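One-letter residues, chain by chain:
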Amino acid sequence: MNYIVLDLEWNQPLSKEAPSYQKYGNYLTSEIIQFGAIKLDGSKKIIDSFRSVVAPKCYRKLHHHVKRLTSLTQRDVDAGLPFPVVVKRFRKWCGPEESYALLTWGYDDIPALGSNLVFYQQDISWLNPWYNLQVIFNDQEGQDANQKGLSSVIEYYHLQQNSQFHDALNDARYTAMIAARLDVEKGIQKYPSLVNPLILGVKGVAPPLETVRAQEIPNKKAIFMMPEFSEFHCPVCGGKISQNIQWVRQNGDKHLHLASCPQDGAFLLRLRILKGSGETFMAMRTAEKADEEIAAAYRVREAKELERAELLKLKKNAKTEEKQEIPS
Ligand SMILES: [Zn+2]
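All values derive from a computational prediction rather than experimental measurement.

Moving on to the pairing of strand β12 (residues 281–289). With seven of nine residues buried, β12 is to be regarded as a mostly interior element. Across six bridges, strand β6 (residues 210–217) lies against β12 in antiparallel orientation. In the strand pairing of β12, Ala214 is matched with Ala283. Both strand β11 (residues 265–275) and β12 contribute to a ladder of nine bridges, which runs antiparallel. For Lys275, the partnering residue across the bridge sits in β12 and is Phe281.

Here it is, written out as structure tokens:
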């Protein structure tokens, strides 16, 4: 079994007001501009490498942040290849699907690749399964579950940092160096018990069954009152299966809800709130099929959130009581 260590760099819209964002923002927000990959054999020896620059189609001007972070220039990406061409070459380079396992550093690359593939109406089945090496590192090196930057782990192993980070091939090579220090085979076996299935893409990358969007929303509170985000109809039979949805916070402005159709089973809804143009907000809600594992993880998350809300209420009450006790 080979290992393919993949790293990607992507561009972003110049601003929420940019015409390109108005046109494509609903479909794609992270446009891939560079592929870098290392092929390792079963003993984790480097046997090949892959590097390719993609010419962006939606966000053609490099964002200043991306320019500063990556080694890429506007001229590089202008001379890049179309995304479908690079994907075709990359897959050919990887070899037969059953001959390798896909490894990345972090949770972001594969879902980003998935959304670019969906945008170009390409097959995404080959992305599954994939493994975030950070999780295996955390487990085998007795680290906490927090995400670790690639450079900090290279430092942790006292490895030479002689090439620039945020170049897709360099980062893939650094990740491969980390892989060589871990028992990846054992990590892959244990992987399902190490990850939270609610994290996007962990249970496999698939286009959502349904996506609902709204823009120019004056405030966050209004989002939860809108029928698009407070009701849910089964995407299979059309029956109304949720109303007055009580969203469960996942983190930041990401929320979850589990809905169940008596005929068609359970669905995981994801609500994401983003800053829109000016002072407004935008919201996106997707629905995907949920299996027992996702449902169980959801119930754990929901219980935690309820506990947190309960604690907050207690604290608030205690404060009011304290105030009342102070003699005037
Ligand atoms: Zn249904």
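Alright, that's what it looks like, and here's the rest.
Formed by 56 residues in total, the largest nonpolar core has its most connected members in Phe35, Phe90 and Leu113. Counting residues in hydrophobic clusters, the runner-up holds 19 residues, among them Ala214, Cys234, Ile245 and Ala287.

Pairing is antiparallel across the open sheet formed by five strands, whose spatial order is β6-β12-β11-β10-β9. Bordering the open sheet on either side are β6 and β9 (248–251), each of which pairs with just one other strand. On average, each strand axis in the sheet is tilted by 25 degrees relative to the strand beside it, whichever way the strands run. For β9 and strand β10 (residues 254–261), the ladder comprises three bridges, and the chain directions are antiparallel. Its bridge partner being in β10, Val248 is matched across the sheet by Leu256.

Another point: the packing of helix α6 (residues 133–140) against helix α9 (residues 184–194). Where α6 contacts α9, the two axes come as close as 9 Å, and the packing angle between them is 95 degrees. Considering their axes alone, α6 and α9 lie roughly perpendicular with respect to each other. Here Leu133, Val135, Ile136, Asp139 and Gln140 of α6 lie close against α9, whose contacting residues are Val184, Lys186, Gly187, Ile188, Lys190, Tyr191 and Leu194. By residue class, the composition of the contact of α6 with α9 is seven nonpolar, two polar and three charged.

A word on the pattern of salt bridges. In this structure the tally under the stated criterion is 15 salt bridges. Between Lys190 and Asp139 there is a salt bridge, with its nearest N and O atoms 3.1 Å apart. Separated by 51 residues along the polypeptide, Lys190 in helix α9 and Asp139 in helix α6 bring together distant segments of the chain. In this structure Lys190 comes out as partly exposed when scored by relative accessible area, which is 39%.

Quick look at the sheet that holds strand β5 (residues 130–132) now. Across the sheet, five strands lie side by side as β3-β2-β1-β4-β5; this open sheet has mixed pairing. Of all strands in the sheet, those with a lone pairing partner are β3 (46–53) and β5, marking the two edges. Strand-to-strand twist across the sheet, computed as the mean angle between neighbouring axes with direction ignored, equals 25 degrees. Two strands pair when backbone bridges link them, and strand β1 (residues 2–11) and strand β4 (residues 100–104) are joined in this way by four bridges, in the parallel orientation. Looking across to β4, one finds that Asn2 is bridged to Tyr100. Its contacts with the sheet place helix α8 (residues 168–179) against β1, β2 (31–40), β3 and β4, and it is angled at close to 35 degrees to β2.

Criteria and thresholds
Throughout, a residue's number is its position along its own chain's written sequence, starting from 1. In keeping with the model being predicted, local features are shown solely for residues with a pLDDT of at least 70 and side-chain atom pairs are shown and tallied solely at 80 or more, while totals for entire chains, interfaces and linings include all residues. To get the side-chain values, all heavy atoms of the structure are used, and hydrogens and water are removed first. Under the scheme applied here, a residue whose accessible area is under 20% of the maximum for its type counts as buried, over 50% as exposed, and between as partly exposed, the area being computed with a 1.4 Å probe on protein chains only. Strands here are runs of E lasting at least two residues and helices are runs of H or I lasting at least four, both read from the DSSP assignment and numbered beginning at the N terminus. Here, any two strands with at least 2 DSSP bridges between them count as paired. As used here, the term nonpolar core means buried Ala, Val, Leu, Ile, Met, Phe, Trp, Tyr and Cys residues forming a set that is joined through side-chain atoms within 4.5 Å. Axis definition: a line fitted to C-alpha atoms, limited for helices to the stretch in contact. Angles are taken between N-to-C directions and run from 0 to 180 degrees. Here roughly perpendicular refers to angles of 65 to 115 degrees, roughly parallel to angles under 35, roughly antiparallel to angles over 145, and oblique to all remaining angles. In what follows, residue pairs with any heavy atoms lying within 4.5 Å of each other are defined as contacts. Gly is put with the polar residues, along with every residue not named as nonpolar or charged; the nonpolar set is Ala, Val, Leu, Ile, Met, Phe, Trp, Tyr, Cys and Pro, and the charged set is Asp, Glu, Lys and Arg. Salt bridges, as used here, are contacts in which a Lys or Arg side-chain nitrogen is within 4 Å of a carboxyl oxygen on Asp or Glu.

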